[in-house]
Structures are given as C-alpha cells and as structure tokens.
Amino acid sequence: MRVSLDGPDGWARGWIGKGQRAPVRLRRQQGGGGVLVWAGIIKDELVGPFRVEDGVKLNSQSYCQFLEDTFFKQWYRKKSASFKKNMIFMQDNAPSHAPKYSTAWLARKGIKEENLMIWSCSPDLNPIENLWSIKCAIYKEGKQYTSLNSVWEAVVAAARNVDGEQIKTLTESMDGRLLSVLAKKGGYIGH
C-alpha cells in the first residue's frame, strides 16, 4: 500500500455549511510524496506494517532483501517448524513478486510451490486488500500530513486499531471467495 501526504487520491470531499469557509488544503504535486507500506495477515494476526525505505524502488532483488530484513527476521523466524510447513505465503502479481528470482529466493527460504500463491487474478481474492481500508482512518476528515514520518506514524496507529477478529474474518472468508470465483468462471468444485 502507498500512503501519501495529501490522501489516497489527493482529493478532499465533504460538506461546507452556509457561512463557513472551506478548510485550507495544501496542494502538492503527486500528493506531496508518500510512504510504501508492506503488511501481511495470517489467521488472526497482522504481520507488520513494515515501511519500505524512502527512495527504494522495489525490484525483485530489493523486494527479497526487504522481506529478509522485515518479514523473515522480525516475524517468521520466531514461528515453529510446523507453522512454517503449513503456512501459505500469498502475494499479488506485482512486478517485484512474480519473477523467477523472487520465487527461487522464497523457495530457498522454505516457501516453495505448495506454500506459495501468486495471484494474477482478482484482488478480491487477496484478503489483505480489504485491510487497506485503514486508509479511511488515516485520512479521516480530509487529514493531510506535513512529513513522511507523520503519515507513517498514522499508518502504525491505524494498524494498532485492527483487531484479531477483524483479521480472522478476512482470512476465514477465503474459502467462500474462491468458491465464488470458481463458480463464476465455470470451474469444477469437488473432492
């Protein structure tokens, strides 16, 4: 997810009462800059959020290094062998996620074919996409930020307010989402 200083799309919406002045809004090119955020959800747990270092362009190599420094060192290494064996690592088809370099690197880390899902289809199938609704809290009432650190602090604060039940609902809805997509595509569902 990318968060910018001026909001998700740089636009402000709302009502202005009769006799009230419109609030002053900063107008900056490209939303004034932003912060790239990575997070994951597993069962009822939020993994992250982790901030991508300013100025880093995520290609396959930098994405793998980012995962090493954040996901693997700060979270994954603490998990049991049985958890790691059963975990499914799901990511979208972003240019840094799908190349052979990234998939081979993940395989060396123990996340191999049966534990790796790369979705090239509907983002509706990826439960993390629904978690990015935290942007509503970050930009409540047209909030703008004056620094990248302040918008990052807002992301961290919003993430702290996401509870385990909310995450569990998203992850447990995957079976229904998959069945719905398969049914729409005429796919076979059986044992």
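On a predicted model such as this, the values are computed, not experimentally measured, just so you know.

Draft legend 1. Representation of the packing of helix α1 (residues 60–74) against helix α3 (residues 100–108) within the structure. It is at 8 Å that the axes of α1 and α3 come closest, and there the two elements cross at 30°. By the angle between their axes, α1 is roughly parallel relative to α3. The crossing of α1 and α3 is right-handed. Contacts between α1 and α3 involve Ser60, Gln61, Tyr63, Cys64, Leu67, Glu68 and Phe72 from the first element and Tyr101, Ser102, Trp105 and Leu106 from the second. The class makeup of the residues in the contact of α1 with α3 is seven nonpolar, three polar and one charged.

Draft legend 2. Molecular detail of helix α7 (residues 164–172). For α7, the set of buried residues is Ile167, Leu170 and Thr171. End-on, the buried residues of α7 take up no more than an arc of 95°, which puts them together on one face. Turned more than 90 degrees off the buried face of α7, the exposed positions are Glu165, Thr169 and Glu172.

Draft legend 3. How the structure looks around unusual backbone geometry. The omega torsion across Gly48 and Pro49 is 10°, close enough to zero to call that bond cis. Checked against the element boundaries, Pro49 lands in strand β3 (residues 45–51).

Draft legend 4. Spotlight on the environment of Glu114. By the secondary structure assignment, Glu114 is in the loop between α3 and β5 (116–119). Along the sequence, Glu114 and Phe89 sit 25 residues apart, while their C-alpha atoms lie 9.4 Å from each other.

Draft legend 5. Here's a closer look at the sheet that holds β3. Pairing in this open sheet of three strands is antiparallel, and the strands run β1-β2-β3 from one edge to the other. Every other strand in the sheet has two partners, leaving β1 (2–4) and β3 as the edge strands with one partner each. Averaged over all pairs of adjacent strands, the angle between strand axes in this sheet comes to 30°, irrespective of strand direction. Two elements, β1 and strand β2 (residues 34–42), share three bridges in a ladder whose sense is antiparallel. Along β2, the bridge assignment pairs Val3 with Val35.

Draft legend 6. Up close: the side chain of Thr70. In this structure, Thr70 sits in helix α1. Among the residues examined, Thr70 registers a relative accessible area of 8% and is labelled buried. One polar contact links the side chain of Thr70 to the main-chain carbonyl oxygen of Phe66, over a distance of 2.6 Å. Once residues within four sequence positions are removed from consideration, Thr70 is found in contact with Phe50 and Trp75.

Draft legend 7. View of the packing of aromatic side chains. Summed over all chains, the structure comprises eleven aromatic pairs. Between Trp38 and Phe50, the aromatic rings sit 6.1 Å apart at their centres with planes inclined by 25°, giving stacked as the arrangement. Note that Trp38 is positioned in strand β2 and Phe50 in strand β3, a separation of twelve residues in sequence. The same class applies to Trp38 as to Phe50, namely buried. When the centroid spacing of 5.5 Å and the interplanar angle of 80° are considered together, the rings of Phe72 and Trp105 count as edge-to-face. Linking Phe72 in helix α1 with Trp105 in helix α3, this pair joins segments that are 33 residues apart in sequence. In this pair, the class of Phe72 matches that of Trp105, namely buried. Through a chain of ring-to-ring contacts, three or more aromatic side chains come together here, namely Trp38, Phe50, Phe66, Phe71, Phe72, Trp75, Tyr76, Phe83, Phe89 and Trp105. Over the ring of Tyr76 we find Lys84; its NZ or CZ atom is 4.9 Å from the centre of that ring. Of note, Lys109 hangs over the ring of Phe72, and the distance from its end group to the ring centre comes to 5.1 Å.

Cut-offs and rules
Residues numbered from 1 in each chain as written. Predicted model: local features only at pLDDT ≥ 70, side-chain atom pairs only at ≥ 80, totals over all residues. Heavy atoms only, no water. Axes fitted to C-alpha atoms, helices over the stretch in contact; angles between N-to-C directions. Helix = DSSP H or I, 4+ residues; strand = E, 2+ residues; numbered from the N terminus. Parallel < 35°, antiparallel > 145°, perpendicular 65-115°, else oblique. Left-handed = near helix turned anticlockwise from the far one by under 90°. Contact = heavy atoms within 4.5 Å. Nonpolar A, V, L, I, M, F, W, Y, C, P; charged D, E, K, R; others polar. Buried < 20%, exposed > 50% of the residue type's maximum accessible area, 1.4 Å probe, protein only. Arc of directions from axis to C-beta. Pairing = 2+ DSSP bridges. Polar contact = N/O pair within 3.5 Å; in protein donor to acceptor, adjacent residues only side chain to side chain. Phe/Tyr/Trp six-rings, centres within 6.5 Å; stacked < 30°, edge-to-face > 60°. Lys NZ or Arg CZ within 6 Å of the ring centre and 35° of its normal.

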